[in-house]
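Chains, contacts and geometry: an overview
Listed below are the residues making up each chain.
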Amino acid sequence: MGSYCSSEAKFGKSRVPDVSTLEAIADRLRIHSIRSTNAAGSGHPTSCSSIAEIMSVLFFHVMRYRLSNPKDPASDRFILSKGHAAPILYAAWAEAGLFPVDDLLHLRKIDSDLEGHPTPRLSFVDIATGSLGQGLSCAAGMAYVGKYIDKANYRVYCIVGDGESAEGSVWEALSFISHYKLDNLVVIFDVNRLGQSEPTPLQHNADVYKARLEAFGFNTSVVDGHNVSELCKKFEEAKNIQGSPTAIIAKTIKGKKFPDIENKEGWHGKPLGTQGTEIIKQIQEELLKKGTDTKLERTAPEEEIEAINFSDIKLSEEPSYVYSEKVATRLAYGTALAKLGHNNDRIIALDADTKNSTYSIKFHDAFPQRFVECFIAEQNLIGVAVGASCRNRTIPFVSTFATFFTRAMDQLRMAAISQANIKCCGSHCGVSIGEDGPSQMGLEDIALFRTIPGSTIFYPSDAVSTERAVELSANTKGICYIRTSRPETPVIYENTEKFEVGKAKVVKKSDEDRVLIIAAGITLHEALKASELLASEKISVRVLDPFTIKPIDKDFILLNARVCGMKIITVEDHYPEGGLGDAVSAAVSMEKDVVLKRLAVTDIPRSGPGDVLLDMFGISAKSIIQAVKEFVQ
């Protein structure tokens, strides 16, 4: 399963646990959770109480961290995947001395960052949790970076609720963690038996959890989750394991130490009210009888890890294409990614077993030690990337087919709340991929990424602009999306062309232009074909490449539209909802006299040659010509 080493050699001398004090701290954490949720009038005190001893042992005996800098790169990481238990997380940091315990009474208030579920608004939170089943993937990303990129001694601890373990993404993460032998990660399953509306499927059948986790390759133990001595022992043993990750199945009681409430249904997500006040009195009386000092010295990390500078990341070589040569933008993506890797050793690449199609294989071949194969598990793929980006340790570039990002929509939504700095590339977009058929055609991806707050969407149309999109995305904070195509398309830009986020380019114009055509990727080239054919009929049109769909270059679009009589046609290899046409429509919606016609894929497509499909679904040069003539004749 895994080999043992001396924890003293790797992590410094172990401390003898002060069991009575840790037990007392656990009870104080319960008191804080009751008080804060009572003050808020909402929250999850019973979900907090089941992990009180686990939190006490982790924060006041096991983990190494600095209060002066909660996100110190050398500190251990903690992820509360069951984010609804946030009050006890806040209580642990308050007890540690990060902020006054009285601040806990501001839980869920509009002017407080102690929100209902953890977010990185707080200095001690790395990732947002609350949409269940996602924390473990992020923990896996942190642990991967710790073991293989930072090569440091910090450890990662993640508490997963038994209810959320029904999520498939949890098992995707477990598979990943085992495959990469992340022995610096400990996952704690809080098996408290009760879900939100009824008991969990396995309830307290811990042996089934154990068998499943052992089958995944974990060093697994079942413990009484309220037994401080046993918890301390298991966490210490985990430090000695090499070559396999550790899972601790903590059998707990929901509402532990809350008389008439513990282990009973109907108390999920409810403050305890007057019952809570009485429970606080009882716990305080017990603490007075024991006379235990509830302060313990914390352990700081012994090593120092330098911060990473990600300013002004450049391609190691400039683009070097021949004008009009045909190059697929997906291939240019792989070329550019490898160039970034040569320039900065903290650029990493992740893929979902599509690297030979997305061309991230070019990065894999150049930097195998910085390439993370996540296999066909896209939800975990995004979660790992989010975790890998935490504490500014790496810039992850994530690639798969455009259509498969839809599977990870919730992870992307939570990544935005986590303030994640990840870069996504979706290849094989639209009907232009041809015979593979509709299941493989990304026709919703722009809409998906446009809904994500703070996102940037690049839609390059040739190899030069693709390389610049990759370079710009590395320097653009937040979630970026680069949409690449399968077919080869002509290079239309000089290698020296300058690109900026939110700045469009006119690729064809004259003084007699009567219609502005806005298109990107494959359809930009269809628009250029159409413009040549229209010119032979003495009809001049202007063709604009938006380069970024979000932000869209509103001012430049309107400037060119006015020259063309306020007649605009958008053409996109995407469904009409949420794509380029919607972005342009929003940009011009307040302008008078705009006439906008939108060409898009309006029905579920089918297999066939790409050029035939472009024509069948009304986004080919032929369809553009027809739309232009409807405007001008």
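Our subject is the structure that appears above.
One structure accompanies this document, and this report is about it. (Residues numbered from 1 in each chain as written. Predicted model: local features only at pLDDT ≥ 70, side-chain atom pairs only at ≥ 80, totals over all residues. Heavy atoms only, no water.)

**Looking at the environment of isoleucine 492**
Considering the arrangement of structural elements, one finds isoleucine 492 in the loop between β15 (488–490) and β16 (505–508). Taking relative accessible area as the criterion, isoleucine 492 reaches 17% and is therefore assigned buried. Leave out the neighbours within four places in its chain, and isoleucine 492 touches Tyr323, Asp462, Val507, Leu524, His525 and Leu528. (Helix = DSSP H or I, 4+ residues; strand = E, 2+ residues; numbered from the N terminus. Buried < 20%, exposed > 50% of the residue type's maximum accessible area, 1.4 Å probe, protein only. Contact = heavy atoms within 4.5 Å.)

**Some thoughts on the layout of surface pockets**
If you add up the space inside the largest pocket, you get close to 280 Å³. Lining the largest pocket are 14 residues, with Pro487, Glu488, Ile522, Glu526 and Lys529 positioned closest to its centre. Where the lining of the largest pocket is concerned, the elements lending two or more residues are β15, α18 (522–535) and α21 (610–616). Among the elements that line the lining of the largest pocket, the one with the most residues is α18, at four residues. Its residues assigned to classes, the lining of the largest pocket comprises five nonpolar, four polar and five charged. (1 Å grid on protein atoms, 1.4 Å probe; cavity = no way out; pocket = protein on both sides within 12 Å on 5 of 7 lines; lining within 4 Å. Points joined across faces, edges and corners; volume = space filled by probe spheres on them. Nonpolar A, V, L, I, M, F, W, Y, C, P; charged D, E, K, R; others polar.)

**Considerations on the state of the cysteines**
Under the defined criterion, the tally for this structure stands at zero disulfides. Unpaired in this structure, cysteine 138 has its nearest cysteine sulfur neighbour in cysteine 390, at a distance of 6.6 Å. Note on cysteine 480: no disulfide assigned, nearest cysteine sulfur contributed by cysteine 424 at a separation of 8.7 Å. (Disulfide = S-S within 2.5 Å.)

**Concerning the sheet that holds strand β21 (residues 595–599)**
Taken together, the five strands give an open sheet; going across it, the order is β16-β18-β17-β20-β21, and neighbouring strands pair in mixed fashion. The open sheet is flanked by β16 and β21, the only strands paired with a single partner. Geometrically, the sheet is characterised by an average inter-axis angle of 25° between neighbouring strands, direction not taken into account. Pairing between strand β17 (residues 515–519) and strand β20 (residues 567–571): four bridges, direction parallel. Along β20, the bridge assignment pairs isoleucine 517 with isoleucine 569. (Pairing = 2+ DSSP bridges. Axes fitted to C-alpha atoms, helices over the stretch in contact; angles between N-to-C directions.)

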